[in-house]
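# A look at the structure
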Amino acid sequence: MKKVLLQKTLFSLLLLLSFTIGFSQNVPLSKYAKISVITCGLGNETYSYFGHTAIRVKDPLNNLDVVYNYGAFDFSTPNFVAKFAKGDLQYFVVVHEFADFINDYTYEKRSVFEQELILSQDLKQKLFDKLNTVLLSEERYYTYKFIDKNCTSMVVDVVNSTLGGNVIVKKEDADKTYRSVLFPYFKGHFYDQLGTSIIFGTKVDQPATRIFLPFELKNSLDETTFEGHLLAGKSKTLLSFQKETPISWWNNIYTYLFILGFVVLAHNKIVDKIYLVILSFMGIFFVSVGFYSFHQELAMNYNVLLFSPLLLILIVFSVLKNKKWTYRFAVLHLLFLLVYTIFIINKAHFFIMLPMIITSGFVLVRAAIRNAKPIPIII
């Protein structure tokens, strides 16, 4: 979730090389060493909407103060966008000097919190050695998954494996769905919220039992116990900034309602056709991505009931002036719309989708009325 520019990645690799000799010999940490979980605040870039998680190791006697970052990726990767969409983009672990790490967040005006892990000297050493073993092997690469494998879940996994069990578990919102948990993070980014509501499928409607967001981990650590005591000390604020919610003349609900309102009130055949064509192409895209991508979040997308690829056939029949089949496909999609409405009525994205449901209903009813077979009146 933390963007790493190419030059920073190169710097991290150089720093890694400088540590290689010492780390490969399992440098013993002093009794003054501290290992902490770092939680970084929310940003306004797409990659930073949810915050970031990292691990800090500080040992003044060894002149060591570094941050292990599981959220690195390389923009220069060939076919970067295609790989990300498909779900086989490789993320990797890098190490930063803590001073550089904190400077980045100071520049971005994002808060940073620290929770020191209360571990025995042996467990600190074991975790430190494990971090370096991963850093210096092919294990440093992993295939990013939005829920199952990201900077937060990887930190949870490496700490839990060190402690020898499933010690860190989710302490809040386990009764909510992933979609419900994600929804508030898009404040000030309306079309991102709408887009994720549309493109995500059934997986995000499952109970959110896994820790996958930075502040979920932070809050869970506050309540996690290990060997009869709290696993983490009280959270310390290293940087404090008030998140600025962006204001945009276009990225808001008002432009969304204006566009849909125009479609409804225009009562124009061409406008209706354009609207249905857009929905159909979006449906084709969702179906294609669902089959193409390894991201389970994109599979089984019931939103295709609203964004039906079959709407394109309705348009074709309409252009060919085939009233019979235009009417039939309009009625079919009204049934799809009814099923879709019933299905999402208890979902987190119901109200954001409701204006589009209403608009589609108006357009499809008009299509059905225009192409319905006239009823003869016998006097």
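Within each chain, residue numbers correspond to sequence positions counted from 1 in written order. Whole-chain, interface and lining totals are the exception, using all residues; otherwise, since this is a predicted model, local features are given only for residues with pLDDT of at least 70 and side-chain atom pairs are given and counted only at 80 or more. Each side-chain value is derived from all of the structure's non-hydrogen atoms; neither hydrogens nor water enter the calculation.

Aromatic rings in a pair are described by how distant their centres are and how their planes are angled relative to each other. When the centres of two rings from Phe, Tyr and Trp lie within 6.5 Å, Trp using its six-membered ring, the rings pair. Their planes under 30 degrees apart give stacked, over 60 give edge-to-face, and anything left gives tilted. Applying the stated rule across the entire model yields 23 aromatic pairs. Between the aromatic rings of Y91 and Y142, the centroid separation amounts to 6.0 Å while the plane-to-plane angle is 50°, which identifies the pairing as tilted. Of the two residues, Y91 is situated in strand β4 (residues 90-97) and Y142 in strand β6 (residues 141-143); the sequence distance between them amounts to 51 residues. An identical accessibility class is assigned to Y91 and Y142; each is buried. To qualify as a helix, a DSSP run of H or I must reach at least 4 residues; to qualify as a strand, a run of E must reach at least 2; elements of each kind are numbered from the N terminus. Buried residues are those whose accessible area, probed at 1.4 Å on protein chains only, stays under 20% of the maximum for their type, while exposed residues exceed 50% and partly exposed ones sit between those limits.

Now for the pairing of strand β1 (residues 34-40). Along β1, 6 of the 7 residues are buried, which leaves the element largely enclosed by surrounding structure. In this scheme, strands are said to pair when DSSP sees at least two bridges between them. Note: β1 against strand β2 (residues 52-59), 7 bridges, orientation antiparallel. Of the residues in β2, the one forming a bridge with C40 is H52. With 5 bridges connecting them, β1 and strand β5 (residues 112-116) associate as antiparallel partners. Within the sheet, the bridge partner assigned to C40 lies in β5 and is V112.

This brings us to unusual backbone geometry. If a residue is not glycine, its phi is most likely negative; likewise, a peptide bond is most likely trans. Residue D173 is not a glycine yet carries a positive backbone phi of 60°. By secondary structure assignment, the location of D173 is in the loop between α5 (151-163) and α6 (178-182). Positive phi is not limited to glycine here, since H267 has a value of about 50°. Tracing the backbone through its elements, the reader meets H267 in the loop between α9 (253-266) and α10 (269-292).

Turning our eyes to something else, we now look at the side chain of S318. Assignment of secondary structure puts S318 in helix α11 (residues 311-319). The buried category is assigned to S318, whose relative accessible area is 18%. When near neighbours in sequence (up to four residues on either side) are disregarded, S318 contacts K273 and T326. Note on definitions: a residue-residue contact is assigned when non-hydrogen atoms from the two residues lie within 4.5 Å.

Turning next to helix α3 (residues 98-108). Listed in full, the buried residues belonging to α3 are F98, F101, I102, D104 and Y105. End-on view of α3: buried residues confined to an arc of 150°, all on one side of the axis. Looking at the residues trailing α3, positive phi occurs at K109, about 55°. Of all possible arcs, the one meant is that of the directions from the helix axis to the C-beta atoms.

Looking now at the confidence of the model for the protein. Chain-level statistics for the protein give a pLDDT mean of 89 and a share of 88% at 70 or above. The pLDDT value tells you how sure the predictor is about a given residue, anywhere from 0 up to 100. Taken together, the stretch residues 1-7 has pLDDT below 50 and engages in 29 contacts with residues farther than four places along the chain or on a different chain. Considering only residues more than four positions removed or in separate chains, one finds that residues 9-14, a stretch of pLDDT under 50, has 7 contacts.

What follows concerns the packing of helix α7 (residues 190-199) against α9. Interaxial distance between α7 and α9 falls to 8 Å at its minimum, and their mutual angle equals 65°. Where α7 approaches α9, its residues F190, Y191 and L194 are matched on the opposing element by I253, T255 and Y256. Residue polarity follows a fixed list, in which Ala, Val, Leu, Ile, Met, Phe, Trp, Tyr, Cys and Pro are nonpolar, Asp, Glu, Lys and Arg are charged, and the others, Gly among them, are polar. Split by residue class, the contact of α7 with α9 holds 5 nonpolar, 1 polar and no charged. To obtain an axis, a line is fitted to C-alpha atoms, over the contacting stretch when the element is a helix, and the angle between two such axes runs from 0 to 180 degrees between their N-to-C directions.

Buriedness for pockets is judged along seven lines, at least five of which must meet protein on both sides within 12 Å for an open set on the 1 Å grid over protein atoms alone, while cavities are sets there where a 1.4 Å probe fits but cannot get out, and lining residues have an atom within 4 Å of a point. Grid points are joined across faces, edges and corners, and a volume is the space filled by probe spheres set on the points. In this structure, the second largest pocket spans a volume of roughly 440 Å³. For the lining of the second largest pocket, the secondary-structure elements that each account for two or more residues are α7, α9 and α10. When residues in the lining of the second largest pocket are grouped by element, the largest group, 8 residues, is from α10. A class-by-class count of the residues in the lining of the second largest pocket yields 19 nonpolar, 1 polar and no charged.

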